[in-house]
Amino acid sequence: MKTKITLLLLTLFMFVGNIYSQFDTNHPDLRLCGTAPNYYLDAFNCTSNNFTLKDVFLSLTDVNGVPMNTTTCTVGTSQQLYVMLNYTSNANNTPNNGRLFADIAITSYSTGGNPSTQTIQINSYLGDINPGNGQRLIYGPFTWTCGQELELKKILVVWKTGGNSTQLSSYNCSTYSSSQCELPGNTTIKKPLAVQFSYKACKVSNNITVNFTSTTNGGTPAYTYAWDLNNDGIFTDSSLPNPSWTYSYNALGYVAKLKVTDSLGLTNTFTVTVANPTELMLNGATPTNVGCGGGSNGSIILNDPTGGTPGYTYSWSNGATTQNISGLTGGIYTVTVTDSNGCTKQLSVTINGGDSINPVVTAPTNTTIEGCSASYLVGAGLLAFSTSQVTISPSTFNSIGGSYVDTSTISSITYQDTQSGTMPIIITRTFRVTDACNNVGSATQTIKIQDTTKPVVPVLSACFG
C-alpha cells in the first residue's frame, strides 16, 4: 500500500456516477463536518492509502482520453473539453458508496491585472471503487479557455465497506467512518501549453519600468524562458520567468514577447503591447503643528494622490497605514504611497513640536542724532520717545531696520524707552517680540542725542552817527 495523500483522489474520480449532484438537506457537504477552523480535517482521521493518482488531465473525449499536455493552444481561444483521470488501485476489496467532495478552481489571468478564480463545488457519487487500472471521467463537458489554470482543491473522499452497492438515499456527518476516507492533496490538471504573462508598469518622468510576470501553465514543467523585450526579434533580453525592463517613453507603447519551452521540448510564444501608464503623483499635505503646550496633538491631512493605477495604499514612517494621520508629536513624517501596480512615491512632512523657544530678535542699528532732548527723535525719522510700552506692527518694525526669527506666528511687538545723561542724552530702546506660544525675545537699540552746533553771536557796530 502506498502512502500518498493523493492516491485516493484517483479512486474517487474513477467511479463518478453522479458528478453534478447538488448539495441539499439529504446530501450535505461533509467538508463542513467538525468545528472551526479545521472542520473536516479534524473530523475525518483518514489513513487509507490504496489508490494512486497517475494523471488528471484535459481531454477532447470522455472515453479513451489522451492527455493534452503534449499540445499547445492560443491564449484566449475556447473549446469543449473533459477532465479525465488515469488511476491505479491496489485495494484488496471493493469499497462501496464512494463519494467525492472537492472544489475545481478555475483561474484566469489578464495581462494588466490580477488573476481571478471561479470555484465549482463538486459532490460526486462514486459508487463502487473497483481495484486495478483504468480511466474515468471527472468533469465535463465544459468550456475551457486556453490560459486558464485548473486545480482540484479541498478534496475529501469517503466510502463504506460491506458489499452493499445500493446508493444511500441520504447521509450525514456520522454516516461514514472517520477512518474510511482519504484527503488527497491539491492536484493541478494537465492541459495544453499556454504561454502568457502579466505586467505592471510604472512611469517616472520619461522612463517606463515594467515588471513582467509569467503566468504560463500547461505542457510539462519545468520551463525555460526567452524574452524579446525590445521588439528586435531576438529572444535574448532575459531568461528569467519574471524580468524587469525600462523603456524610454513611446506614445505607441512597447511590444514584449515571451517564448517558453517545456521539459519535453514543446514551444509556444505570446506577444503583448504594453500600454503607457500615467505617473503616480503626490499633491502635498496640510500639517497641523503640536500646540504650544507640547504633547501629541499634531496631525497631517495628505492630499489625494493622482495618476498611477488606483487604489492606493499608505505606509508612514511611524507605522500608520491610513491616508491621514493624527496624534502626532513634533518631527518629520515620511509617507510612501503605493498604487495597485506597485509604483511608489514618497513625501516628507514636518510637524513643529510645541514651540518653547524665544524669538530671535535683532534691533535696529544704534544711531546718533543731533538735538538736545528726546523730542528730536521724531524729527530724525525715529519712533517717538515713550517710557511705557508701545505696540507696533511687524511691518513698522521691519521698516526701521528690526527683524526676528521664530517658528510660531507673532502675536505682538513692543518697544519701551529709558533715558540717561544730560548731554549727550542716551536713549535705551528695548524691543520685545512675543509669539503665539507666549515666548518673548528682546533686543535693544541705543540712540545718542547730542548738540554739536556752536551758537552764533551777532557783532555790534562801534560807530555812532
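Preceding block: the structure.
A.B. asks: Looking at this model, I keep getting lost on the environment of Asn 114. Mind explaining?
C.D. replies: Among the structural elements, Asn 114 can be located in the loop between β3 (96-108) and β4 (116-127). On the accessibility criterion, Asn 114 (59% relative accessible area) is exposed. Here the alpha-carbon distance between Asn 114 and Thr 61, two residues 53 residues apart in the chain, equals 32 Å.

A.B. asks: Hey, could you run me through the sheet that holds strand β25 (residues 410-420) in this one?
C.D. replies: Sheet strands pair by backbone hydrogen bonding; their relative direction is either parallel or antiparallel. The sheet built from five strands is open, its strands ordered β22-β27-β26-β25-β23 with mixed pairing. The outermost strands of the open sheet, each flanked by one partner alone, are β22 (367-370) and β23 (390-392). Looking at each pair of strands side by side, their axes are set apart by 30 degrees on average, direction ignored. Pairing of β23 with β25 involves three bridges; the strand directions are antiparallel.

A.B. asks: Please explain the nonpolar core as it appears in this structure.
C.D. replies: Within soluble globular proteins, side chains that are nonpolar generally end up buried alongside one another. Ranked by size, the top nonpolar core spans 29 residues in total, and within it Val 56, Leu 58, Val 83, Tyr 139 and Trp 144 carry the most contacts. When contributions to this core are tallied by element, the ones reaching two or more residues are β1 (51-59), β2 (78-89), β3, β4, β5 (132-145) and β6 (149-160). Considering each element in turn, this core owes the most residues, five residues, to β6. By size, the runner-up hydrophobic cluster in this structure holds 21 residues, among which are Trp 227, Tyr 247, Leu 266 and Phe 270.

A.B. asks: Looking at this model, I keep getting lost on the state of the cysteines. Mind explaining?
C.D. replies: Two cysteines, two sulfur atoms, one covalent bond between them: this is a disulfide. The full count for this structure, using the stated rule, is five disulfides. Cys 73 shares a disulfide with Cys 146; S-S distance 2.0 Å. When the S-S torsion is 75 degrees, as for the bridge of Cys 73 with Cys 146, the disulfide is right-handed. One end of the pair, Cys 73, is in the loop between β1 and β2; the other, Cys 146, is in the loop between β5 and β6, with 73 residues separating them in the sequence. Considered together, Cys 73 and Cys 146 belong to a single accessibility category, that of buried residues. Each disulfide pairs two cysteine sulfurs, and for Cys 292 the partner residue is Cys 437, the sulfurs being separated by 1.9 Å. Here the S-S torsion is close to -75 degrees, and the disulfide linking Cys 292 with Cys 437 is therefore left-handed. Placement of the pair is Cys 292 in the loop between β15 (285-288) and β16 (298-302) and Cys 437 in the loop between β26 (425-435) and β27 (440-450), with a sequence separation of 145 residues. Relative accessible area serves as the criterion here: at 39%, Cys 292 is assigned to the partly exposed category. Among the residues examined, Cys 437 registers a relative accessible area of 16% and is labelled buried. Counting only the cysteines that take part in disulfides, in the order they occur along the protein chain, gives the pairing 1-5, 2-6, 3-4, 7-9, 8-10.

A.B. asks: Would you take a moment to explain the sheet that holds strand β14 (residues 267-274) for this structure?
C.D. replies: Sheet architecture is open: three strands sit in the order β11-β13-β14, paired in antiparallel fashion. Only two strands of the sheet have a single neighbouring strand rather than two, namely β11 (224-228) and β14. Taken pair by pair, the neighbouring strands of this sheet meet at an average axis angle of 20 degrees, ignoring direction.

A.B. asks: What am I meant to see in the pattern of salt bridges here?
C.D. replies: Once the charged atoms of two side chains with opposite charge are near each other, the side chains can pair. Evaluation of the coordinates by the stated rule reveals six salt bridges. In this structure, the salt-bridge partner of Arg 31 is Asp 103, at a minimum N-O distance of 3.0 Å. Taken together, the residues Arg 31 in the loop between α1 (7-14) and α2 (40-43) and Asp 103 in strand β3 connect sequence positions 72 residues apart. A relative accessible area of 7% places Asp 103 in the buried class.

A.B. asks: Sorry if this is basic, but what is going on with the environment of Trp 144 here?
C.D. replies: Positionally, Trp 144 belongs in strand β5. For Trp 144, a relative accessible area of 0% translates into the label buried. With 66 residues separating them along the chain, Trp 144 and Ser 78 place their C-alpha atoms 5.5 Å apart. Not counting the four nearest positions on each side in its chain, Trp 144 is found in contact with Leu 58, Cys 73, Thr 77, Ser 78, Gln 79, Leu 81, Leu 150, Lys 191 and Pro 192.

What counts and what doesn't
Residues numbered from 1 in each chain as written. Predicted model: local features only at pLDDT ≥ 70, side-chain atom pairs only at ≥ 80, totals over all residues. Heavy atoms only, no water. Helix = DSSP H or I, 4+ residues; strand = E, 2+ residues; numbered from the N terminus. Buried < 20%, exposed > 50% of the residue type's maximum accessible area, 1.4 Å probe, protein only. Pairing = 2+ DSSP bridges. Axes fitted to C-alpha atoms, helices over the stretch in contact; angles between N-to-C directions. Core = buried A, V, L, I, M, F, W, Y, C linked by side-chain atoms within 4.5 Å. Disulfide = S-S within 2.5 Å. Salt bridge = Lys/Arg side-chain N within 4 Å of Asp/Glu carboxyl O. Contact = heavy atoms within 4.5 Å.

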